[in-house]
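# Structural overview
Spelled out, the chains give:
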Amino acid sequence: MSIICGLPLLECVYCMACARWAWKRCLHTAGHDSETWGLATAEEFEPVPRLCRYILAVYEEDLRHPLWEPPGGYGINPDWLIRRKTYEDTQGRAPSYILYLDHDHADIVLAIRGLNLAKESDYQLLLDNTLGKKKFDGGYVHNGLLKAAGWVLDAECECLKELLEKYPNYTLTFAGHSLGSGVAAMLALVVVQHQDKLGNIDRRRIRCYAIAPARCMSLNLAVRYADVINSVVLQDDFLPRTATPLEDIFKSLFCLPCLLCLRCMRDTCIPEEKMLKDPRRLYAPGRLYHIVERKPFRLGRHPPVVRTAVPVDGRFEHIVLSCNATSDHAIIWIEREAKRAMDLILEKDRIMEIPAKQRMERQETLAREHSEEYKAALQRAVTLSVPHAYSPSQYGTFDESEDGENSHKSSGESSVGSSGLIDRVSF
């Protein structure tokens, strides 16, 4: 009898727990993910709107007669376009991309488009992975994205090497959106690990901007390469928050809200310590930039704010239950809000009125602050017992040599050959 009498009480406790969970999840907004982060400066955020436009340009068939250019155009000089590869050129081994020589910003840019829903090859690329399938530099990465990056680097290696030798003061930037962001991040990893492939390029000349990034590398790699890779997330974007493997996301593309809701409930019940100690769990790569332009219980879009950090824990671990979770993934919206945010930063800082000497001092200060934040993130990864995490003294900083980096590879890792990178990247 006592057991029977206790059942209603258990039901009440269960219902209260479910109600509390639902209340907390509904109140969780994207702004909570980055509320403790610092604000981005004009110097560090300046490339983002420009690179978004370059990625959008990949969708055009003829840049001299564009059909879908955003307000203000793509900012591309067609005469400086080195390569334009379509799906026919890549034979489905990688998404379409362009190689652009940006003389205005002293930059060599390889921009990669996002997922093409009409191309079966893109789905095959995403499906070519299981958790723990591909090891790289002491961590794990997405196998299909790494193979696509290997193909692109194999195809463009000689051209990139010639450009870097011809323009020794230019940076090398990989940029991509969604699926392309994962390929761009993998390219950055491979080039950093094999700098001799591009004439021993200095690590500080290599940059990557992953727009609406896919979770493509384990936490130790995401933090370790934060001095090279930058990820840009617009408000509620679902992809950087979804720990569900990419192949499962796109298998369930047409019931995506149901999948996100179920994953949201599942991840809420998993302690964060357990997630951090899973060496195969994949994360959004590098330094994170979060564009926040909506506030809870308020309608419409507000002036966007850009926050940045190199977090270890609390790295977009919670899905936001929002009707904008998929629309915030669109490159068109990201470009528009990134440009608005940049205009507001410029207006606030009055950067155009700053003397050249003071502007240079600001850039040096910013580099120093990023270096200190990077070292702190590496140390925190060690403190939290993140698998295969190394202390700053072992892996260096922006200003230190990376000569010792290769010594930390596991014994089963091998180097990339001079050709056939797509098949030989076996780490």
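### Re the packing of aromatic side chains
Overall, the coordinates contain five aromatic pairs when judged by the stated rule. Measuring from centroid to centroid gives 6.1 Å for Phe 45 and Tyr 289, while their planes differ by 50°, and the two rings are tilted. With a gap of 244 residues between them, Phe 45 in helix α3 (residues 42–45) and Tyr 289 in strand β12 (residues 287–292) connect regions that are remote in the sequence. The residues Phe 45 and Tyr 289 share a single accessibility class, namely buried. Ring geometry for Tyr 54 versus Tyr 100: centroids 5.3 Å apart, planes at 70°, classification edge-to-face. Taken together, the residues Tyr 54 in helix α4 (residues 47–57) and Tyr 100 in strand β3 (residues 97–102) connect sequence positions 46 residues apart. Tyr 100 carries the same exposure label as Tyr 54, and that label is buried. Among the aromatic residues, ring-to-ring pairing joins Tyr 54, Trp 80 and Tyr 100 into one connected group. Here Arg 336 stacks its cationic end above the ring of Trp 333, 4.6 Å away from the centre of that ring.

### Quick notes on the side chain of Asn 129
When you line up the elements, Asn 129 lands in the loop between α6 (120–127) and β5 (134–136). What makes Asn 129 buried here is its relative accessible area of 6%. Of note is the side chain of Asn 129, whose polar atom sits 2.9 Å from the backbone nitrogen of Asn 143.

### Considering the environment of Gly 286
By the secondary structure assignment, Gly 286 is in the loop between β11 (282–283) and β12. Gly 286 sits in the buried class, given a relative accessible area of 0%. Considered as a pair, Gly 286 and Arg 224 are 62 residues apart in the sequence and their alpha carbons are 7.5 Å apart. Ignoring anything within four residues of it in the chain, the contact list for Gly 286 reads Ala 222, Tyr 225, Ala 226, Ile 229 and Arg 315.

What counts, and where the lines are drawn
Residues numbered from 1 in each chain as written. Predicted model: local features only at pLDDT ≥ 70, side-chain atom pairs only at ≥ 80, totals over all residues. Heavy atoms only, no water. Phe/Tyr/Trp six-rings, centres within 6.5 Å; stacked < 30°, edge-to-face > 60°. Helix = DSSP H or I, 4+ residues; strand = E, 2+ residues; numbered from the N terminus. Buried < 20%, exposed > 50% of the residue type's maximum accessible area, 1.4 Å probe, protein only. Lys NZ or Arg CZ within 6 Å of the ring centre and 35° of its normal. Polar contact = N/O pair within 3.5 Å; in protein donor to acceptor, adjacent residues only side chain to side chain. Contact = heavy atoms within 4.5 Å.

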